[in-house]
Amino acid sequence: MTLASFSSASRVTSIGRQTALRVAPTVALSFAVIAIVIAWSVAPSLFTGHSPIVGVPADKLLSPSTAHWFGTDHLGRDLYTRVVYGTASSVTSALIAVVIAAVAGGLIGLLAGFLGGRVDIVLARLVDVLLAIPNFLLAVIVVTALGFDTTNAAIATGVSAVAVFARVMRAEVIKTRQAIFVEAAFLLGGSRWHILLRHVLPNASRSVLPLAVLQFGLSILVIASLAFLGYGDRPPASDWGLLISIGKDYLKWPWLVYAPAFVTIATVLSVNRISRWLRKTD
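Positions within a chain are numbered from 1, following the residues in the order the chain's sequence is written. Only residues with pLDDT of at least 70 are given local features in this predicted model, and only at 80 or more are side-chain atom pairs given and counted; all residues enter the totals for whole chains, interfaces and linings. Based on all heavy atoms of the structure, the side-chain values leave hydrogens and waters out of the count.

Enquirer: Looking at this structure, I do not really get the pattern of salt bridges. What am I missing?
Expert: Side chains that carry opposite charge are capable of pairing whenever their charged atoms lie near each other. In what follows, salt bridge is the name for a side-chain nitrogen of Lys or Arg lying within 4 Å of a carboxyl oxygen of Asp or Glu. Here the structure, examined in full by the defined rule, presents six salt bridges. Arg77 serves as the salt-bridge partner of Asp73, at 2.8 Å between the closest nitrogen and oxygen. For the residue pair Asp73 and Arg77, the accessibility class agrees, reading buried in each case. The partner of Lys175 in a salt bridge is Glu172, with the nearest N and O atoms 3.5 Å apart. Residue Lys175 and its partner Glu172 are located together in helix 7 (residues 162–177), separated by three residues, close to a single helical turn. Each residue gets one of three labels from its accessible area relative to the maximum for its type: buried under 20%, exposed over 50%, partly exposed in between, using a 1.4 Å probe on protein chains only. Note on Glu172: relative accessible area 18%, which makes it buried. Three or more residues are tied together by salt bridges with common partners; here these are Asp73, Arg77 and Arg82. Secondary structure elements follow DSSP: runs of H or I no shorter than four residues count as helices, runs of E no shorter than two count as strands, and numbering proceeds from the N terminus.

Enquirer: Any chance you could explain the side chain of Gln215 here in plain terms?
Expert: Mapped onto the fold, Gln215 is located in helix 10 (residues 208–228). Note on Gln215: relative accessible area 8%, which makes it buried.

Enquirer: How do you make sense of the nonpolar core when you look at a structure like this?
Expert: Ranked by size, the top nonpolar core spans 41 residues in total, and within it Phe70, Leu79, Val83, Val173, Val200 and Phe216 carry the most contacts. Elements with a minimum of two residues in this core: helix 2 (25–42), helix 3 (79–115), helix 7, helix 8 (180–187), helix 9 (192–204), helix 10, helix 11 (240–247) and helix 12 (255–280). Looking at this core, the element that brings in the most residues is helix 3, giving ten residues. To define a nonpolar core, start from buried Ala, Val, Leu, Ile, Met, Phe, Trp, Tyr and Cys residues and group those joined through side-chain atoms within 4.5 Å. Listed in part, the 18 residues of the second largest apolar core include Ile108, Val127, Ala153 and Leu226.

Enquirer: It is not clear to me how the environment of Ala266 should be interpreted in this structure. Could you clarify?
Expert: Summarising the element assignment, Ala266 is placed in helix 12. Ala266 sits twelve residues away from Leu278 along the chain, and the two C-alpha atoms are 18 Å apart.

Enquirer: What's the story with helix 11 in this structure? I'm lost.
Expert: Since the α-helix turns once every 3.6 residues, residues separated by three or four places project in the same direction. With respect to burial, helix 11 is a largely interior element, seven of its eight residues being buried. Buried within helix 11 are the following residues: Trp240, Gly241, Leu242, Leu243, Ile244, Ser245 and Gly247. Turning to helix 11, the residues buried within the fold contact helix 2, helix 3, helix 10 and helix 12. We call two residues in contact when some of their heavy atoms are within 4.5 Å.

Enquirer: Would you mind going over the side chain of Thr150 with me for this structure?
Expert: Positionally, Thr150 belongs in helix 6 (residues 150–160). Within the structure, Thr150 has its side chain in polar contact with the side chain of Asp239 (distance 2.8 Å). Every residue in contact with Thr150, bar those within four places of it in the chain, is listed here: Ser89, Ser93, Gly232, Asp233 and Asp239. Here a polar contact means two N or O atoms within 3.5 Å. Within protein one must be a hydrogen donor candidate and the other an acceptor candidate, and residues neighboring in sequence count only if both atoms are side-chain atoms.

Enquirer: Looking at this structure, I do not really get the environment of Arg118. What am I missing?
Expert: Take Arg118: it is sitting in helix 4 (residues 117–132). Separated by 14 residues in sequence, Arg118 and Ala104 place their C-alpha atoms 19 Å apart.

Enquirer: Got a minute to help me understand the packing of aromatic side chains in this structure?
Expert: Any aromatic ring pair is given by two values, namely how distant the centres are and how the planes are angled relative to each other. Note on ring pairs: Phe, Tyr and Trp rings are taken, using the six-membered ring of Trp, and paired if centres are within 6.5 Å. Classes follow the plane angle, with under 30 degrees stacked, over 60 edge-to-face and the rest tilted. Under the counting rule described, the total for this entry stands at six aromatic pairs. Measuring from centroid to centroid gives 5.0 Å for Trp69 and Tyr80, while their planes differ by 50°, and the two rings are tilted. Of this pair, Trp69 sits in the loop between helix 2 and helix 3 while Tyr80 sits in helix 3, and the two are eleven residues apart along the sequence. The class of Tyr80 is buried, set by a relative accessible area of 7%. On the numbers, 5.4 Å between centres and 85° between planes, the contact of Phe70 with Tyr80 is edge-to-face.

Enquirer: For this particular structure, what's the right way to read the packing of helix 7 against helix 9?
Expert: Between two packed helices, what matters for the description is the angle formed by their axes and the separation of those axes. Close contact between helix 7 and helix 9 brings their axes to 9 Å; oriented N to C, the two are set at 130°. Taken together, the axis directions place helix 7 and helix 9 in an arrangement best described as oblique. Considering only the axes of helix 7 and helix 9, their crossing is right-handed. Of the residues in helix 9, those touching helix 7 at Met169, Glu172, Val173 and Thr176 are His199, Val200, Asn203 and Ala204. A fitted line through C-alpha atoms represents every axis, and for helices the fit uses only the stretch in contact; the resulting angles, taken between N-to-C directions, go from 0 to 180 degrees. Any angle from 65 to 115 degrees is called roughly perpendicular, while one under 35 is roughly parallel, one over 145 is roughly antiparallel, and all others are oblique. Crossings are assigned a handedness: left-handed for a near helix turned anticlockwise from the far helix by less than a right angle, right-handed for a clockwise turn.

Enquirer: Can you walk me through helix 7 in this structure?
Expert: Between its terminal C-alpha atoms helix 7 stretches 22 Å, which fits the 22 Å expected from 16 residues at 1.5 Å a residue. Residues of helix 7 that are buried include every one of Val162, Ala163, Phe165, Ala166, Met169, Glu172, Val173 and Thr176, and no others. To estimate how far a helix should reach, multiply one less than its number of residues by 1.5 Å.

Enquirer: I'm lost on the confidence of the model for the protein in this one. Help?
Expert: Any segment with low pLDDT has predicted coordinates that should not be analysed in fine detail. In this model, the protein carries an average pLDDT of 84, and 90% of its residues clear a pLDDT of 70 or more. One confidence number per residue, pLDDT, is output by the predictor and ranges from 0 to 100. Of all helices and strands in the protein, the one with the weakest mean pLDDT is helix 1 (residues 2–21) (47), whereas helix 2 scores best (93). The model gives residues 12–20 a pLDDT under 50, and that stretch makes zero contacts with residues more than four places away or in other chains.

Enquirer: Just checking my understanding: could you explain the packing of helix 5 (residues 135–146) against helix 10 for this structure?
Expert: Between helix 5 and helix 10, whose axes approach to 11 Å, the crossing angle comes to 55°. In terms of orientation, helix 5 lies oblique with respect to helix 10. Here helix 5 and helix 10 pass one another in a crossing that is right-handed. Facing Phe136, Ala139, Val140 and Val143 of helix 5, the residues of helix 10 in contact are Val222, Ser225 and Leu226. In this classification, the charged set is Asp, Glu, Lys and Arg, the nonpolar set is Ala, Val, Leu, Ile, Met, Phe, Trp, Tyr, Cys and Pro, and all remaining amino acids, among them Gly, are polar. Broken down by class, the residue content of the contact of helix 5 with helix 10 amounts to six nonpolar, one polar and no charged.

So, in structure tokens, the structure goes:
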């Protein structure tokens with residue numbers, strides 16, 4: 001009977017592992033898209049032999065073809081090359097924004113949820129103030145104060161997302177603080193900071209990863225929107241939002257807008273799909 005039970009448990013464990021390892025086709029496609037985007041940002045010269053800055057005037061405004069996958073712009077520059085070289089700026093800026101939001105917001109939520117009392121009241125009111133301001137409006141205010149370039153746009157985007165991470169971290173810390181193992185650690189004589197760093201933080205931060213992945217995609221959109229409005233780097237930079245902004249002035253040649261917009265949308269949708277998958281995965 002014991003052997004049968006052990007065999008049944010083994011089969012259940014094996015089936016559970018196979019289910020965990022099974023990835024939906026849309027998730028696999030999303031990972032493939034993100035892998036391409038990361039490769040573009042790390043080594044753009046491996047994917048194109050054209051210059052993102054120097055163009056050929058005789059080749060201006062050519063439609064997409066095998067020679068120019070995304071066509072050419074008004075200066076004869078290969079648009080695919082400019083999209084590839086602009087990936088590094090877009091991805092790096094989004095990563096900076098996520099790190100700022102996760103670290104600052106996570107710290108605020110961690111202290112507010114664990115310490116409670118007046119500290120929680122003060123920090124919660126600060127989060128409420130930030131949540132009352134629309135994220136994009138707050139990003140515009142911050143980037144206007146700091147100056148117009150992509151790094152400042154990334155900082156502004158990160159600041160605008162601090163409240164979201166703070167609220168999620170605070171809720172998770174409060175839930176974790178009431179767990180039995182945390183109460184047991186208190187009874188065994190553990191100090192507050194030891195319990196905070198050893199028990200509460202690792203368990204409460206699990207929900208931050210899917211949020212950080214989701215915020216990465218949102219940061220790409222916000223930074224692209226800021227670049228579209230002129231709050232990012234100036235030409236000849238090739239940020240995705242800037243490419244869309246330049247392309248809108250040439251409506252007779254729609255690929256100037258469609259190409260960078262399609263890459264932006266595909267990246268954001270892929271990141272969102274991965275975030276949903278992470279939330280469902282234990």
